[in-house]
Every structure is written in structure tokens, then in C-alpha cells.
Amino acid sequence: MGFLDKLRTAFTRQRTPRVNPDDPDLVVVAASFDDAEAASAALTRSSDLRPTDQAVLRHHLSLPADRVGEAAALIAQDGYVLREVLPFDGGPVLAYALRAQVVTALECARERSRMASLATRLGGHALGWDVLQTR
């Protein structure tokens, strides 16, 4: 295959549609809530993860209620959506930061670090992450 054929294929190939983070058929296929565990170890441990398929990378965050809007705006710049899981009762808000992507160990580790940094700057905590794929 010549250069022009490769270029043409790269631009005309059907792309896999993005997974919808709100799809009810999503199930957890890999997870880590241990700061010391490498993302590669958690992903390798999973027998259900399909590494070349689209997935949703979900970060579990505990944030001060008055900083949730700021967190949502900041992560939206990188294609994430923020979903509040537990309502505000005077304490921290449990929230998910979700983004559809093909999950690799490098990307997962980089994003885990970014979410931990963001949560800390806002006075919260990054509790862990998981990967969801359709059945």
C-alpha cells in the first residue's frame, strides 16, 4: 500500500462511535481505589476489559459543595462531564468525572494524576477510578 492509499484510508475509515456515559448497559470492567497501584496493574488484572474498544473512564471525586461548578467547568475543557452522585447534605459532594475514550494505562495514569491535582486544588479528594464498557 502506497503513501496516498494509507492517507486515504486514514481519512475515510469508519470510526467507532463514542460510548455514551449515560448508557444503562455500561458495567465496570476495571477499577482502582488504591493510590499506590499502577494503572497498568489494575487494567491488566481485569479479564473483562476490551482494550481496543471505547470505554468510559470514571473518576470518583469528593468535592466541597461550593466548588462543584468550578470543577465541572474545568474538566469540561478536556471533554469530561461531572455528575453529582450524592446530594449535598452539608458535607462534601460525591461526584463522577466521566469521559468516553479508549483507555490505556498511560492515559489512565495521566488522568488519575490530573484529577487528584484538581480535587486537591479545590479542597477535595480523588477517591479512585474505574472503567466502564458495554456488555
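This section reports on the structure supplied with the text. Starting from 1, residues in each chain are numbered consecutively following that chain's sequence as written. In view of the model being predicted, local features appear only for residues whose pLDDT reaches at least 70, and side-chain atom pairs are presented and counted only at 80 or more, with totals across whole chains, interfaces and linings using the full set of residues. Heavy atoms from the whole structure form the basis of all side-chain values; hydrogens and water molecules are not counted.

With that settled, the discussion passes to the packing of aromatic side chains. Paired rings are identified among Phe, Tyr and Trp, the last through its six-membered ring, by centres lying within 6.5 Å, and are further divided according to the angle between planes into stacked (under 30 degrees), edge-to-face (over 60) and tilted (the rest). On inspection of all chains with the given rule, the structure shows 0 aromatic pairs. Over the face of the ring belonging to Tyr-96 we find Arg-58, whose NZ or CZ atom lies 4.4 Å from the ring centre. Ring-over charges, as used throughout, are those where CZ of Arg or NZ of Lys falls within 6 Å of the ring centre and within 35 degrees of the ring normal.

Looking now at the side chain of Ser-32. A helix here means a DSSP run of H or I that spans at least four residues, while a strand means a run of E at least two residues long, and both kinds are numbered starting from the N terminus. Mapped onto the fold, Ser-32 is located in strand β1 (residues 26-32). By relative accessible area, Ser-32 is classed as buried at 2%. Between N or O atoms, a polar contact is any pair within 3.5 Å; within protein, one atom must be a potential hydrogen donor and the other a potential acceptor, and residues adjacent in sequence are included only when both atoms are from side chains. A polar atom in the side chain of Ser-32 sits 3.5 Å from the backbone oxygen of Asp-34. A polar atom in the side chain of Ser-32 sits 2.8 Å from the side chain of Glu-37. A contact between two residues is defined here by any heavy atoms of the two lying within 4.5 Å. The residues contacting Ser-32, other than those within four sequence positions of it, are Glu-37, Ala-42, Arg-112, Gly-128 and Trp-129. Buried means the residue's accessible area, taken with a 1.4 Å probe over protein chains only, is under 20% of the maximum for its type, while exposed means over 50%, and partly exposed covers the values in between.

Before going further, it helps to spend a moment on the nonpolar core. Think of a nonpolar core as a cluster: buried Ala, Val, Leu, Ile, Met, Phe, Trp, Tyr and Cys residues, connected wherever their side-chain atoms sit within 4.5 Å. Residues Leu-43, Leu-82, Trp-129 and Val-131 are the most contacted members of the largest nonpolar core, which totals 26 residues. Those elements giving two or more residues to this core turn out to be β1, α2 (39-45), β2 (54-63), α3 (68-76), β4 (93-102), α4 (105-121) and β5 (125-134). Val-19, Leu-26, Ala-100 and Leu-132 belong to the second-largest nonpolar core, a separate cluster that totals 6 residues.

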